Amino acid sequence: AENNKQQSTMTNSSRAVTFYPTVEVVEVISIYDYEPSEVSAAWYDEDEMDQITTRCLKLIRKVEAGGSRTGRKYCIRGLEGHFTIASITKTKNRSTAREAVLEEQDRQWSAEGAFDDHAIADAYRQTTSSCQMWAYVMGKRDQQTADAIHYQDEEDCFVEEQVAVSKTASSPKPSEPSLLSPSQRITILSPGQRISRKVVPSSRGLSSR
């Protein structure tokens, strides 16, 4: 008991909370000051959530039934754990991890009340190592997908900027006579010719916009 008390004292003395000396304040509008239209634009309501859930369930049933007959591909990222086999596996993994933690607690309580939180963590970690590895693999896949989208977006933006520069360089100077009509010259020099950088919407986060 004395050793546990000394370890607890050492652990508590080594912990500290510090605050950054420079304080930055950002004022935000209170939710109570939102207009109804702003609330609707910022959050999903119950009807929208029901629609999203219904679409997800239809997608899961369609994929489990063999997918599309036309060969259409579906994005199921984020829904993996809701498929039948995956759901059963997830439930089993959670049950196994919970039992491992409870068994380790019972063992410690039986050993004259000794408490070792690291042993409990180790018991949990051993039973969830495969889940951790799978989460790491999925995270790497997401990173590769995001990098590919970002690279393609950067490449498209670069090409579009080069096209805009080329059109501007090839357009006649104001001091030179032009064979183009005023409307054609406006079209060539219009800012609308510069295609803005695309924004790729995310398919994650079904509960917030």
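Scroll up to find the structure this text is about.
Below: a short report on this structure. (Residues numbered from 1 in each chain as written. Predicted model: local features only at pLDDT ≥ 70, side-chain atom pairs only at ≥ 80, totals over all residues. Heavy atoms only, no water.)

1. Overview of the overall build of the protein chain
- Regarding its fold elements, the protein chain presents 7 helices and 0 strands.
- The helix and strand sequence of the protein chain, counted from the amino end, reads α-α-α-α-α-α-α.
- Within the span of the protein chain, comprising 209 residues, buried residues form 11% of the whole.
- Restricting to contacts in the protein chain with at least 6 residues of sequence separation, those with at least 24 account for 45%.
- Of the roughly 18000 Å² of accessible surface on the protein chain, a fraction of 56% belongs to carbon and sulfur atoms. (Helix = DSSP H or I, 4+ residues; strand = E, 2+ residues; numbered from the N terminus. Buried < 20%, exposed > 50% of the residue type's maximum accessible area, 1.4 Å probe, protein only. Contact = heavy atoms within 4.5 Å. Areas by Shrake-Rupley, 256 points an atom, 1.4 Å probe, with all protein chains shown as cover.)

2. Structural notes on the packing of helix α4 (residues 84-110) against helix α5 (residues 117-127)
- Closest axis-to-axis distance for the α4/α5 pair is 9 Å, and the angle between their directions is 155 degrees. In terms of orientation, α4 and α5 fall into the roughly antiparallel class. Like other packed secondary-structure pairs, α4 and α5 cross with a definite hand, here right-handed. Contacts from T96, A97, A100, V101, E104, Q105 and Q108 in α4 reach A119, I120, A123, Y124 and T127 in α5. (Axes fitted to C-alpha atoms, helices over the stretch in contact; angles between N-to-C directions. Parallel < 35°, antiparallel > 145°, perpendicular 65-115°, else oblique. Left-handed = near helix turned anticlockwise from the far one by under 90°.)

3. Some words on the nonpolar core
- Judged by nonpolar contacts, I52, C56, L59, I60, L79 and F83 together constitute the single largest core of 6 residues.
- Once residues lying within four places of it in the same chain are set aside, the contact partners of F83 are I60, V63, E64 and I76. (Core = buried A, V, L, I, M, F, W, Y, C linked by side-chain atoms within 4.5 Å.)

4. Remarks on a negative patch on the surface
- Among the surface-exposed residues, D45, E46, D47 and D50 lie close enough to one another that they form a single negatively charged patch.
- Of note, E46 is situated in helix α3 (residues 46-64). (Patch = residues over 30% accessible without salt bridge, like charges linked within 9 Å, V, L, I, M, F, W, Y side chains within 5 Å. Salt bridge = Lys/Arg side-chain N within 4 Å of Asp/Glu carboxyl O. Lys, Arg positive; Asp, Glu negative; His and termini not counted. Charge placed at Lys NZ, Arg CZ, Asp CG, Glu CD.)

5. A few points about α4
- The end-to-end C-alpha distance of α4 is 39 Å, a good match for the 39 Å that 27 residues give at a rise of 1.5 Å each.
- Buried within α4 are the following residues: A97, A100, V101, E104 and Q108.
- Just past α4, the residue E112 takes up positive phi, approximately 60 degrees. (Expected span 1.5 Å × (residues − 1).)

6. Quick look at the pattern of salt bridges
- Under the definition given, this model contains 4 salt bridges.
- A salt bridge links R77 to E80; the nearest nitrogen and oxygen atoms lie 3.2 Å apart.
- The closest approach of N and O atoms between R107 and E104, which form a salt bridge, is 2.7 Å. Taken together, the residues R107 and E104, both in helix α4 and 3 residues apart, mark about one turn of the helix.
- Among the residues examined, R107 registers a relative accessible area of 48% and is labelled partly exposed.
- Judged by relative accessible area, E104 falls into the buried class, the value being 12%.
- A single network of salt bridges, built from pairs that share partners, joins R77, E80 and D142.

7. Observations regarding the packing of aromatic side chains
- Applying the stated rule across the entire model yields 1 aromatic pair.
- On the basis of an interplanar angle of 45 degrees and a centroid distance of 5.6 Å, the ring pair of Y34 and W43 is categorised as tilted.
- Of the residues examined, W43 reaches a relative accessible area of 37% and is grouped as partly exposed. (Phe/Tyr/Trp six-rings, centres within 6.5 Å; stacked < 30°, edge-to-face > 60°.)

In short, shape yes, function no, at least from these values alone.
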